[in-house]
Amino acid sequence: MLSFAAWLALVVGGANVVGMSLPDGAKGRASVDATFGAGQHSSDGHFYLKDAVNTVDVTVAWHTGATALVSPAFALTVGDQGHNGGQDSICRTNPEGGCLDYFPHWIHYALVGGIDVRESGGSLRLMAGPALFAGNRSFAFGGQAQLDAASPPVSHMALQISVRGSAVARGRESFRLGSLDVGIRIQ
């Protein structure tokens, strides 16, 4: 799990990217999103699942059309999804013998692309792409899709709600993650 200092560094670093000027003649804009919320996960393996988990995500996005109603968008997103709190001492029996392992606590790094739709009432962004997942001392590849809606900005800040879904493959196991997050967008 990333520390608070690491998350703060991601948000501040992303905000610095937003503040950078684009090269002369380039049309576009950047934004950084910081969100938190609740998630669900499932697996085809034998894992002990808690009902809901906490999620935190930072997304740094580049939008290539500064004034267009619909424009391409690309982003780097880093997030954390997993249970907090210790494992309980109760052995949940694994059908294959022994006790069930806890569902992995995932940290993801994704490079996503899609479209951004902007109107006076706010913006809507749909993106998807490949992701690297780190969990339980192992790595896995998968994909992530996200839908973000943001309010109209006030002083370069907007309220945001995000829905994310991920599919992860690790060996013969597959995992599905989903979350609903709220937060802010700096643009």
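Higher on the page you've got the structure.
These numbers were taken from a predicted model, which means no experiment stands behind them.

How each quantity is defined
- Residues numbered from 1 in each chain as written.
- Predicted model: local features only at pLDDT ≥ 70, side-chain atom pairs only at ≥ 80, totals over all residues.
- Heavy atoms only, no water.
- Core = buried A, V, L, I, M, F, W, Y, C linked by side-chain atoms within 4.5 Å.
- Buried < 20%, exposed > 50% of the residue type's maximum accessible area, 1.4 Å probe, protein only.
- Helix = DSSP H or I, 4+ residues; strand = E, 2+ residues; numbered from the N terminus.
- Contact = heavy atoms within 4.5 Å.
- Pairing = 2+ DSSP bridges.
- Axes fitted to C-alpha atoms, helices over the stretch in contact; angles between N-to-C directions.

**Student:** Any chance you could explain the nonpolar core here in plain terms?
**Tutor:** As a rule of thumb, soluble globular proteins bury nonpolar side chains together. Ranked by internal contacts, the top residues of the largest apolar core, which has 14 residues, are Trp106, Phe133, Val168 and Leu177. Contributions of two or more residues to this core are made by β4 (70-82), β6 (106-119), β7 (122-135) and β10 (173-186). Once residues lying within four places of it in the same chain are set aside, the contact partners of Leu177 are Gln40, His41, Gln81, Phe103, Trp106, Phe133, Arg164, Gly165, Ser166 and Val168.

**Student:** How do you make sense of unusual backbone geometry when you look at a structure like this?
**Tutor:** Even without being a glycine, Ser155 presents a positive backbone phi close to 55 degrees. The residue Ser155 is located in the loop between β8 (138-150) and β9 (157-170) in this model. Of the residues examined, Ser155 reaches a relative accessible area of 63% and is grouped as exposed. Notably, His156 is not glycine yet its phi reads approximately 70 degrees, a positive angle. Here His156 is to be found in the loop between β8 and β9. You can call His156 exposed: its relative accessible area is 56%.

**Student:** Teacher, can you tell me more about the pairing of β10 here?
**Tutor:** Looking along a regular strand, one sees side chains alternate from face to face of the sheet. Across 12 bridges, strand β1 (residues 29-43) lies against β10 in antiparallel orientation. Counterpart to Ala34 in the pairing with β10 is Ile184. Pairing of β9 with β10 involves 14 bridges; the strand directions are antiparallel. Pairing of Ala158 across the sheet is with Arg185, part of β10. A loop of two residues connects β9 with β10, the two strands running antiparallel in sequence, and Gly171 in this loop sits at a positive phi of about 65 degrees.

**Student:** What is the right way to look at the sheet that holds β8 in this model?
**Tutor:** What holds strands together in a sheet is hydrogen bonding between their backbones, with the strands either parallel or antiparallel. Read around the closed barrel, the eight strands follow the order β1-β3-β4-β6-β7-β8-β9-β10; overall the barrel is antiparallel. Each adjacent strand pair in this sheet contributes to an overall mean axis angle of 25 degrees, direction not counted. Bridge analysis of strand β3 (residues 53-63) against β4 gives 10 bridges, and the strand direction is antiparallel. Looking at β4, one finds that Thr55 is bridged to Gln81.

**Student:** Would you mind showing me how to read the environment of Phe175 here?
**Tutor:** In this fold, Phe175 is placed in strand β10. On the accessibility criterion, Phe175 (1% relative accessible area) is buried. Between the C-alpha atoms of Phe175 and Pro104, which are 71 residues apart in sequence, the distance is 9.3 Å.

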